[in-house]
Amino acid sequence: MFRVSFFRDFDKILSIILLTILVFGLIALFSASYQRHIDTGKDFVLTQGIGILIGLAVVYLIARTNYHSFLSVAYIIYGIHIFTLILVLVMGKSALGAQRWISIGGIGIQPSEFSKIFTILALARMIGDNPHCLQSKRGLIGPFLIAFVPMLLIFKQPDLGTAIVILPVFLAMVWVGGVRFKYFLVAIGSGLMCLPFFWHFLKDYQRDRLMVFINPNVDPLGAGYTINQSKIAIGSGMLLGKGWLSGTQNQLNFLPERHTDFIFSVVGEEWGFVGSAIVIGFFLLLIIRGIKMAEMTNNLSGKLIIVGITTMLALHVIINIGMTLGLMPVVGIPLPFISYGRSALTANLIAIGFLFNVKIHRTVF
Amino acid sequence: MRLQILKYVLVFLFMILFSTIFWMQIIKGPEYFRQSESNRIRLVPEDASRGIIYDRNNIPLVANKLAFDVVAVPQEIKSENKDELFRKLSKFLDIKDSILAEAFERNFVSGFSPVMLAENIPRNTAFLIEQEMSQLNGVFVKTSSIRNYLQGKASAHLVGYVGKMREYEYPEFKKYGYQMSDLIGRSGLEKEYDQILRGKPGGMQLEVDSEGSIIKVISYRPPVRGNDLHTTIDLNLQNLVSDLLADIKGAVCVIDPETGEVLALYSGPSYDPNIFINKDQYAAIGRVFKNPDAPLLNRALNTYAPGSIFKIVTAYAGLWEKIIDSNTNFVCEGNFQLGNSSRSCWLKSGHGNVNLQKALETSCNVFFWEVSLKIGQRLLSGHAREFGFGKQTGIDLPSEPTGVVPDAHWKNVHIHEKWYAGDTANFAIGQGFLLASPIQAVKMVSMVANGGYEILPHIVKNENKTINIKKKILSEEILGVIRKGLNDVVSASAGTGRNAYVPGVAIFAKTGTAQSGKGLDPHAWFVGYAEFKNQKISFCVFEEFGGHGGEGPANIAKQIILYFKAKEGGK
């Protein structure tokens, strides 16, 4: 046993990147929720700020505890979480046509946000314990089930966005875990073949969203409205933006969901290309730093935790921003650390906590 | 290695994000910016009223009046109440509720811009609706300014009327700052002076939110009323002329031969321009369009064979070219031999031995045929153009035709025949291919009256003197000879225009009875001028298929002269 030096191995670069993004997020949220704050009196920035502070405390707690302890209970947590997902399906609260929420002690939480982390941990444990499982068809059944059971349950809720994220996270983890190239291609191929099958299970509103994604003008005042207004907002920001609190699309309420899923539209409109590029740039730094930290980790489980989480965060960013730019269908994934919302914020901070954790405890066996 | 590939895949995906925002914000940014501006900025236009058109004594010919329109503001109507609302409204307006609902759908622009439901409703209905406002949430009575053609039929062809712009006209009008919804002058002065009469529409620029609720007024520009027109028309004379000609097909023009000011201009039959303004006049409009007498046609500008009034020109040409002088005599035996064919003077018994003065007085054809043979087509055409035939007079009314002064080339092009001596003979007495309008005829006779100066007939008073610089075209000496003949037309015993005789007034005139085609009555012309104490007036009275110029037209001319005599005293 080597002595763990928490502060020496605490990743300062990652923390600077994270804090910068969090600050950007609060500034953007202030503007995005400005009118709603006036109308409802609800202070979104304060709520989010408290959420961040609590989340950072959680980051600290997670970072302190050796991730191997988490790995040792990964299967149990995973099992409980599968049970919760089934519970949500049976008795969940419906929000916006989807049953994603359950109420625990009066606080509404979205288990699917945490589901991704538990799945990553379980996968990291399984592959880390037996790397050879990736070399045979039979060995792959285990990891495959770990990924696909929650994916299907979340898909049934239905939370298309989260379900969509799990698949590439699984692929990234088995890829880095050393899966045979042939199997990897088969996995991607079978994933593509499943697409029509997925379409069959989609709810009408989800199909509408996908159709609108293909052509937002089919229904410019209905399902396409959000995408069109978001594109107008971002595009109209031009080089330098209309200025903080001065985005007309934002402040005059042309952008729905702008403090949650569409907060990047506010960034684009008010901060322009320069501001948007800086925000995306910090996310890219975060991802590159994540990959770097994975390189620095020798332990396969630890490496896979970082790979899974980094890929997950990257996909959150790409899907969310892609959605506001009209590159992706509207699937309801918030922008990490910036969008308003407790569940996603906490879940993403927990995920970041594991990045710190693996770095700190990387030399410990 | 595998980690590096994962990194490049993720970096690549981020690069897509970077390039997309670059494309949207830098390349397409201005376009999206415009879209965001049109999202938030709404224009609520306010129409300007048109300028008023006055006669020479500042009596309005055209003014504006208040019209009441029923409009609905969509955001103040709950959709579940809409049907009920239209049902109630339909009782007041006597319009089917389905038609109101249709108008609502068709005219809808946005939540807060008023939607036109019914235009120009009766004043009493407007007041009733105002009283019942509490029952009719979201419905308002809006006032606007519309045209009121005070003189109705009497000045229809002068002032014209306004109408909605048609879609195909918009691209042309857009260049001059018009909007699709603008009313534009459709004929008469309304058309000719549209740019002056139309005001500058004003309006409000509003900032709205996504609901269409008004956040603030960005700017307000009040509409500017159009400029007034002061015309040279004498309304009393115009009304007199209108009463005299009434529904007879024809035209009357009265102008000041010195200045070209138009004192009266009437074309019969006329129409009431108000039918194009007031609603539900479709039947009346239909009647006007279907009327075989074509009331919309302005006959004062339309061209016809001028007949014997053109003998003034032939006389001038003969004198100028020294083919005749005031003593030259020709014998009229009632017919005239030209090559193999023989043609007869209108007086079969013949006029005997006539000189120019007598020939004009009696309108002897043979005399002018004799002249025509010696003068030839080329010179005659040239003199006709000197008097302003074959080109626009330039009067400030739209679509003035040029008429036709024929020549050998013209005939070759249009009739594909060569010019014969018989054509020249016809030409000399205002028949054949020659076409002239009443306004050209009055210009011709004005030049005789004013000593040979070219004039520009105009309806709107011209402060700009430069166009009134007169160009002397004709010889005063020659005109003096012709005037004697023209005076005899009215005052001599055998004069063809004796019906216009007014004792104590010097009147110079010429009758015309122009063949208009086989089996049709001839066109009747009476042109001339009269001298009063302080002023001269020249006139042209024309009746399409009206018979003899010395009858109906001369009688109308007499009334016109009497009007001025009463006003001015004789000379």
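Residues numbered from 1 in each chain as written. Chains lettered and ligands numbered in written order. Predicted model: local features only at pLDDT ≥ 70, side-chain atom pairs only at ≥ 80, totals over all residues.

(A) Inspection of the packing of helix α12 (residues 311–320) of chain B against helix α18 (residues 476–491) of chain B at higher detail. Residue and element names in this part refer to chain B. Orientation of α12 relative to α18, taken along the N-to-C sense of each, is 130 degrees, at an axis distance of 10 Å. Here α12 lies oblique to α18, going by the angle between them. Where α12 crosses over α18, the handedness of that crossing is right-handed. Seen from α12, the contacting residues are Ile312, Ala315, Tyr316, Leu319 and Trp320; seen from α18, they are Ile478, Val481 and Ile482. (Axes fitted to C-alpha atoms, helices over the stretch in contact; angles between N-to-C directions. Helix = DSSP H or I, 4+ residues; strand = E, 2+ residues; numbered from the N terminus. Parallel < 35°, antiparallel > 145°, perpendicular 65-115°, else oblique. Left-handed = near helix turned anticlockwise from the far one by under 90°. Contact = placed C-beta atoms within 7 Å.)

(B) Just the confidence of the model for chain A, in detail. Of the residues in chain A, 86% have a pLDDT of 70 or more, and the chain-wide mean is 85. Mean pLDDT in chain A bottoms out at strand β1 (residues 93–95) of chain A, which sits at 51, and peaks at helix α15 (residues 263–296) of chain A, which reaches 96. (pLDDT = per-residue confidence, 0-100.)

(C) A look at the environment of isoleucine 556 of chain B. All names here are of chain B. Residue position: isoleucine 556 is located in helix α19 (residues 552–568). With 24 C-beta atoms packed within 10 Å, isoleucine 556 lands in the buried category. Considered as a pair, isoleucine 556 and asparagine 499 are 57 residues apart in the sequence and their alpha carbons are 9.2 Å apart. In this structure, isoleucine 556 is in contact with Leu244, Leu245, Val252 and Val541, ignoring residues within four places of it in sequence. (Buried ≥ 20, exposed ≤ 12 C-beta atoms within 10 Å, placed from the backbone.)

(D) Inspection of the pairing of strand β8 (residues 202–208) of chain B at higher detail. Residues and elements named next belong to chain B. Sheet analysis places strand β1 (residues 41–46) next to β8, joined by six bridges and oriented antiparallel. Following the sheet pairing, isoleucine 41 is matched in β8 by glutamate 207. The pairing of β8 with strand β9 (residues 214–221) spans six bridges and is classified as antiparallel. Looking at β9, one finds that leucine 206 is bridged to valine 217. (Pairing = 2+ DSSP bridges.)

(E) Structural detail: the sheet that holds β8 of chain B. Residues and elements named next belong to chain B. One open sheet holds the three strands; their spatial order is β1-β8-β9, and the pairing between them is antiparallel. At either margin of the open sheet sits one strand with a lone partner, and together these are β1 and β9. Going from strand to strand, the sheet's axes swing by 25 degrees on average, the running direction of each strand aside.

(F) Quick look at the confidence of the model for chain B. For chain B, the average pLDDT comes to 89, and 98% of its residues sit at 70 or higher. The complex prediction reports pTM at 0.65, with the ipTM value standing at 0.92.

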